[in-house]
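Close look at the chain arrangement
Residues per chain, in single letters:
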Amino acid sequence: MAQEVARQLQNRGELVRMIDLDPDRLDKARQSGFQVEKVNLQDDEELLSLGLDTEVDVFFSLLENDADNVFLVISIRALAPDLPIVSISESEDTVQRLTAAGATKVIDPYQISGYRIYEMVHRPVIAELMDRAVFGKGVDLEIAEIPVPAGSFVDGQYLDQLSLSSRYNLVVLGVVDRDYGDQLIFATNPKRHRIDVNDIIVVIGQEEELERLRRDVTRTGEQDRVGPVFTPPRRDR
Amino acid sequence: MKLADLVVRFAYWLEESSRYRRFKQAAYDLLENPHSRIRPYFDLFMMVLVLTSVFILLYDVRHTPEHWAVKFENLVLVVLVLEYLGRFWVYDDIHKHVIEAYEESELVDEPFRLRRAFYQILQAKWTFVSSPMAVIDLLAIMPSYRPLRILRLFVLFRLFKLFRYTQNLQEFGAVLREKKAELLTLLTFLLFILVVGSSAIYLFESSNYGGDIDGFFEGIYWALVTLSTVGYGDITPHSFEGRLVTMVLILSGIGVISFFTSIVVSAFQEKLGEVRERQVCGRLQKLKDYTVICGYGRVGAVVADYLHRDRHPFVIIDENEEAVAAARRANYLAVHGKAQRLGALHRLGVGANACRVLALTGDDVVNVYITLTARQLDSGIEIISRANHHRTVKKLELAGANHAIEPYKIVGLIAGEYIGQPVAFEAIQGILMGDQEIDLEAVRVPPGSWLDGKRVEDAGLGDLRLILFGVITPPERESDHVRHHYDLTSRRFQFNPGPDFVLVGDDLLLVFGHRYSILRLRHKLKL
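First, a word on scope: everything that follows refers to the structure included in this document. (Residues numbered from 1 in each chain as written. Chains lettered and ligands numbered in written order. Predicted model: local features only at pLDDT ≥ 70, side-chain atom pairs only at ≥ 80, totals over all residues. Heavy atoms only, no water.)

Description of the sheet that holds strand E4 (residues 354-359) of chain B
Residues and elements named next belong to chain B. Strand order in the open sheet formed by six strands is E3-E2-E1-E4-E5-E6, with parallel pairing between adjacent strands. In this open sheet, the two edge strands, each paired with only one partner strand, are strand E3 (334-336) and strand E6 (403-405). Averaged over all pairs of adjacent strands, the angle between strand axes in this sheet comes to 20°, irrespective of strand direction. The sheet contact formed by E4 and strand E5 (residues 382-386) spans four bridges and is parallel. Within E5, the position partnered with Arg 356 by the bridge is Glu 382. Contacts from helix H12 (residues 240-285) reach strand E1 (290-294), strand E2 (314-318) and E3 within the one sheet, and its direction differs from that of E3 by about 140°. Contacts from helix H16 (residues 364-377) reach E1, E4 and E5 within the one sheet, and its direction differs from that of E5 by about 175°. (Pairing = 2+ DSSP bridges. Helix = DSSP H or I, 4+ residues; strand = E, 2+ residues; numbered from the N terminus. Axes fitted to C-alpha atoms, helices over the stretch in contact; angles between N-to-C directions. Contact = heavy atoms within 4.5 Å.)

Written out as structure tokens, the structure reads:
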């Protein structure tokens, strides 16, 4: 499991540091070509020496045993109160326990796999599309979040007035307003949302289009120099 | 040879007549076909009829029969005779024997002899007439013949007839048949004790010597009453020897009864799995397009729960008893067995009514095996398989899986997505997992509906508060109003179509929106 995560992260160009306690697993991982450090996971001193509050961006707790994971998450949370911790759980009950222990995000691989199989049975078209869009096989669509900096041309505008989906080849899902928590406000929400600084716009589209939007949003104050309009904008209500 | 010619011609006429075949099939469905829909109703009707007739016959023992009772008895008689003749008729095809014999004689260039065909027919029908069930059927008709009082005894056969109409009783019989040898041993032992016991008591307690026993038959009666631990006490031993015999008989009686009980119980315990499996298979035969889930572990349980929520029929097979028990507790159809076996999957209807196999065990070797077996049974069935190691994906595809799911890889991908953009990912995951009110759904445009031929802009999706993610069209569709399309298997996904994109019947709209918005769109399309 951990090897798979490490491989994915490395493919994305992230810097990964792997640690483990068990000599057998260390051997196995080294044979598969990973660099793994031996760290006693129950020793707070050793854990701190990894640079938890300075160098580490995200901590993954991917041990095979639920109890071990809970223990590790508690230790790390005690050492680094603000560090995002991602963990996995074998069963539904542990999800809550891990969250209580301080995990930021708990992934339940079996739940997700089960649901994805069900999707394939239930609505194969969407399953195939999601397979490609989210899990990246042959379709270069991506979900991206674009933060709105101060002075951006979208600042103060209503989401539906921007008609981003025709100016850029993008589908706008919604906005996260940091002032109201992390919940995504969907673009279909009947309450029209005025974008302000520090909001995050969530869009799906191709990498280049996302880049173009990102560039235009961060460029401040030049409203007339937004990218070319491809088709006439949709009617604004 | 004119008669033979006529018979052959008539046989061919029957063979060709689709009307005759349909009629015979209907009779077969009614009387014999265990999977036909009408059969249970027929069985129920016959049971009620038989029970009523038995009740009336018993009533007549003390009363003079009423006028309507006689009429009813006659009706029962007619139905029973018709049933017997019907079964006699559908048992096999007479005309086929004639044709077979005729063609055989043609082949070897001999004159066709009616006698041989007739002999074959007689043989085949005799097999029916001499079968136990047919004998019971025939005897059950007897008690309607009033002049002969002894025939009243055969009313019991009407009760035996109930066997025919209840599958459970037949299964009971089948289970006991399995233990024939043990039961036979027991019976021999019982007979031996009975003979010894009744002889002894006759010797010691005969009325000549002041005892209660009047004859040998009474001895047998007493021995059986004692042996079975019933002990009426109407006949009691008085002599010392007689009491000794009684004690021995009581002790061996306990042995016989416990032995008999244990045989029956163990027979049922051994057969319990099979009986259950037969029941499951029986229920599956009435279903269509169901899913076979192999392996009820964590993943299997999640899939089963979702399918159950959607009322999609499925059956579970697992080689672990505990997993099967857990599935049964959840009220799912479940069978204990090894899914990789050809027979097991075949019995579950792979190659017949099943439309999908999910190989979800934790063992990749087993999953590959299941995939291979299922593909061998049915070349068109959809197979989704779980790959616990990345290396297995290739093998599963070679074995014939349509899709392979890698649970561990999914975790990796999710972790990777999460690191880059946690907020966006939470949102999309919420949509994907269906645990939010916002959903991504595919909505088909019915041909001829008001959306057929409309431009996207005029479809009014915005008014319904839906976001159009894209349109799925046939693979060859090109449009100037779509900047990017992606080819899926046999379809094309048109991403973010412009307002002038024209929708055509059978297109699939992929929309994000609140569940109610999607429902409303679906509703509007139905009008």
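Quick notes on the interface of chain A and chain B
With 75 residues of chain A at the interface, the matching set in chain B holds 74 residues. For the salt bridge of Asp 108 of chain A with Arg 298 of chain B, the shortest nitrogen-to-oxygen distance reads 2.5 Å. Looking at which element gives the most residues to the side of chain A that touches chain B, the answer is helix H6 (residues 109-122) of chain A, with 14 residues. (Salt bridge = Lys/Arg side-chain N within 4 Å of Asp/Glu carboxyl O.)

Describing the packing of aromatic side chains
Residues and elements named next belong to chain B. Scanning the entire structure with this criterion turns up 17 aromatic pairs over all chains. For the ring pair Phe 23 and Trp 89, a centre distance of 5.8 Å and an interplane angle of 50° mean the geometry is tilted. Within this pair, whereas Phe 23 is found in helix H2 (residues 18-31), its partner Trp 89 is found in helix H4 (residues 67-90), the two being separated by 66 residues in sequence. By way of ring pairs, the aromatic residues Tyr 84, Phe 88, Tyr 91 and Phe 128 are connected into one cluster. Sitting over the ring of Phe 88, Lys 125 keeps its end group 5.0 Å from the ring centre. (Phe/Tyr/Trp six-rings, centres within 6.5 Å; stacked < 30°, edge-to-face > 60°. Lys NZ or Arg CZ within 6 Å of the ring centre and 35° of its normal.)

Observations concerning a negative patch on the surface
Residue and element names in this part refer to chain B. A contiguous patch of negative charge, built from Glu 15, Glu 16, Glu 100, Glu 103, Glu 106, Asp 109 and Glu 110, is present on the exposed surface. At three residues, helix H5 (residues 94-107) tops the list of elements feeding residues into the negative patch. By the secondary structure assignment, Glu 100 is in helix H5. (Patch = residues over 30% accessible without salt bridge, like charges linked within 9 Å, V, L, I, M, F, W, Y side chains within 5 Å. Areas by Shrake-Rupley, 256 points an atom, 1.4 Å probe, with all protein chains shown as cover. Lys, Arg positive; Asp, Glu negative; His and termini not counted. Charge placed at Lys NZ, Arg CZ, Asp CG, Glu CD.)

What about helix H5 (residues 92-101) of chain A?
All names here are of chain A. Residues Thr 94, Leu 98 and Ala 101 constitute the buried set of H5. Projected onto a plane normal to the axis of H5, the buried residues spread over an arc of 60° and lie on a single side. Residues of H5 that are exposed and angled more than 90 degrees away from the buried face: Glu 92, Asp 93, Gln 96 and Ala 100. At the exit of H5 stands Gly 102, carrying a positive phi of roughly 115°. (Buried < 20%, exposed > 50% of the residue type's maximum accessible area, 1.4 Å probe, protein only. Arc of directions from axis to C-beta.)

Some points on the pattern of salt bridges
All names here are of chain B. Applying the stated rule across the entire model yields 23 salt bridges over all chains. Across the pair Lys 179 and Glu 270 runs a salt bridge whose closest N-O atoms are separated by 3.3 Å. Pair noted here: Lys 179 is in the loop between helix H9 (167-178) and helix H10 (180-205) and Glu 270 is in helix H12, with a separation of 91 residues, a long-range link. Here Lys 179 falls in the buried class, since its relative accessible area comes to 10%. By relative accessible area, which is 55% here, Glu 270 ends up exposed. For Glu 441, the salt bridge identified is with Arg 522, shortest N-O distance 3.5 Å. Of this pair, Glu 441 sits in strand E7 (residues 438-444) while Arg 522 sits in helix H20 (residues 515-526), and the two are 81 residues apart along the sequence. Note on Glu 441: relative accessible area 16%, which makes it buried. Overlapping salt bridges bring together Glu 32, Glu 83, Arg 87 and Asp 137 as one network.

Some thoughts on the packing of H10 of chain B against H12 of chain B
Residues and elements named next belong to chain B. Between H10 and H12, the shortest axis-to-axis distance is 10 Å and the interhelical angle comes to 165°. With respect to their mutual orientation, H10 and H12 come out roughly antiparallel. H12 is crossed by H10, and the crossing has left-handed handedness. The residues of H12 that touch H10, namely those facing Glu 182, Leu 183, Leu 186, Phe 189, Leu 190, Ile 193, Gly 197, Ala 200, Ile 201, Phe 204 and Glu 205, are Glu 241, Gly 242, Val 245, Leu 249, Ser 252, Val 256, Phe 259, Phe 260 and Ile 263. Considering only residue class, the contact of H10 with H12 consists of 14 nonpolar, three polar and three charged. (Parallel < 35°, antiparallel > 145°, perpendicular 65-115°, else oblique. Left-handed = near helix turned anticlockwise from the far one by under 90°. Nonpolar A, V, L, I, M, F, W, Y, C, P; charged D, E, K, R; others polar.)

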